[in-house]
Amino acid sequence: MLAALATAPAAHAQSATSDSRAVTIGPLSVVNTAPLEFGDMIAGASAGTVFIDTRNNNVTSSGGVTLAGGNPSRANFIIYGTRNQVVDVTIAGSTTITHANGTDSMLINQMGIGNGGRNFGTFVRGRLPNAGVYNLTVGGRLNVDANQTDGEYSGTFTMTVDYL
């Protein structure tokens, strides 16, 4: 047996690295876990809209807009607090996203907060469940102008949670 070990070929070691990530959520926290993403679209000769339903994540277009892939989805937020904590949640009813050129923009309106197949509009008051963790989604309607400038548009909106 010692002879077999002495004549074994040399071992070659290789290694690789990977990113590791974690998010810890403290009491009375709000965390955005997914952005409001309208995906890829083609603007036509007439104005149109892309709508993401906060209740069921359905994505529809109307008018001169053609959906062209990407990963459209409603935004998702996790609210964390103490069991039975009463919270008021609000968002603005609209926001603007701006083209990378800094000049062109599109309006997102008809924004709404949702959960479990329901749409609460821009305000909801609720009580956190026994686990103290609650998921909410946000959807809305993107207004696309006729012949909208192609390229990437981005912006922000704020969800405010008041712990009562």
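Residues numbered from 1 in each chain as written. Predicted model: local features only at pLDDT ≥ 70, side-chain atom pairs only at ≥ 80, totals over all residues. Heavy atoms only, no water.

Draft legend 1. Quick peek at the packing of aromatic side chains. Overall, the coordinates contain one aromatic pair when judged by the stated rule. Arranged with centres 6.0 Å apart and planes meeting at 70°, the rings of Phe-77 and Phe-157 form a pair that is edge-to-face. One end of the pair, Phe-77, is in strand β4 (residues 75–80); the other, Phe-157, is in the loop between β11 (153–154) and β12 (159–163), and 80 residues separate them in sequence. (Phe/Tyr/Trp six-rings, centres within 6.5 Å; stacked < 30°, edge-to-face > 60°. Helix = DSSP H or I, 4+ residues; strand = E, 2+ residues; numbered from the N terminus.)

Draft legend 2. Spotlight on unusual backbone geometry. Look at Asn-57: it is not a glycine, yet its phi comes out positive at around 70°. Tracing the chain through its elements places Asn-57 in the loop between β2 (41–52) and β3 (59–67). Residue classification places Asn-57 among the partly exposed positions, given a relative accessible area of 27%. (Buried < 20%, exposed > 50% of the residue type's maximum accessible area, 1.4 Å probe, protein only.)

Draft legend 3. Here's a closer look at the pattern of salt bridges. Summed over all chains, the structure comprises two salt bridges. Residues Arg-55 and Asp-53 are paired through a salt bridge, measuring 2.7 Å at the closest nitrogen-oxygen approach. The class for Arg-55 is partly exposed, based on a relative accessible area of 41%. A relative accessible area of 8% means that Asp-53 is categorised as buried. Ionic pairing is found between Asp-88 and Arg-125, a salt bridge with its closest N-O pair at 2.6 Å. Taken as a pair, Asp-88 in strand β5 (residues 86–91) and Arg-125 in strand β9 (residues 123–127) lie far apart in primary sequence, 37 residues in all. (Salt bridge = Lys/Arg side-chain N within 4 Å of Asp/Glu carboxyl O.)

Draft legend 4. Structural detail: the side chain of Thr-54. Within the secondary structure, Thr-54 is located in the loop between β2 and β3. Look at Thr-54 and you get buried, because its relative accessible area is 3%. Here Thr-54 is in contact with Arg-74, Gly-112, Ile-113, Gly-114, Arg-118, Asn-119, Thr-137, Val-138 and Gly-139, once residues within four sequence places are set aside. (Contact = heavy atoms within 4.5 Å.)

Draft legend 5. Representation of the confidence of the model for the protein chain in the model. Across the protein chain, the average pLDDT comes to 88, with 84% of residues at or above 70. Residue range residues 1–8 is modelled with pLDDT below 50. Its contacts to residues more than four positions away, or to other chains, number zero contacts. (pLDDT = per-residue confidence, 0-100.)

Draft legend 6. Representation of the pairing of β5. Relative to β9, β5 is paired through five bridges, and the arrangement is antiparallel. Bridging across to β9, Thr-90 finds its partner in Phe-123. As defined by bridge partners, β5 adjoins β12 across five bridges and the pair is classed as antiparallel. Paired with Thr-90 across the two strands is Thr-160, which belongs to β12. (Pairing = 2+ DSSP bridges.)

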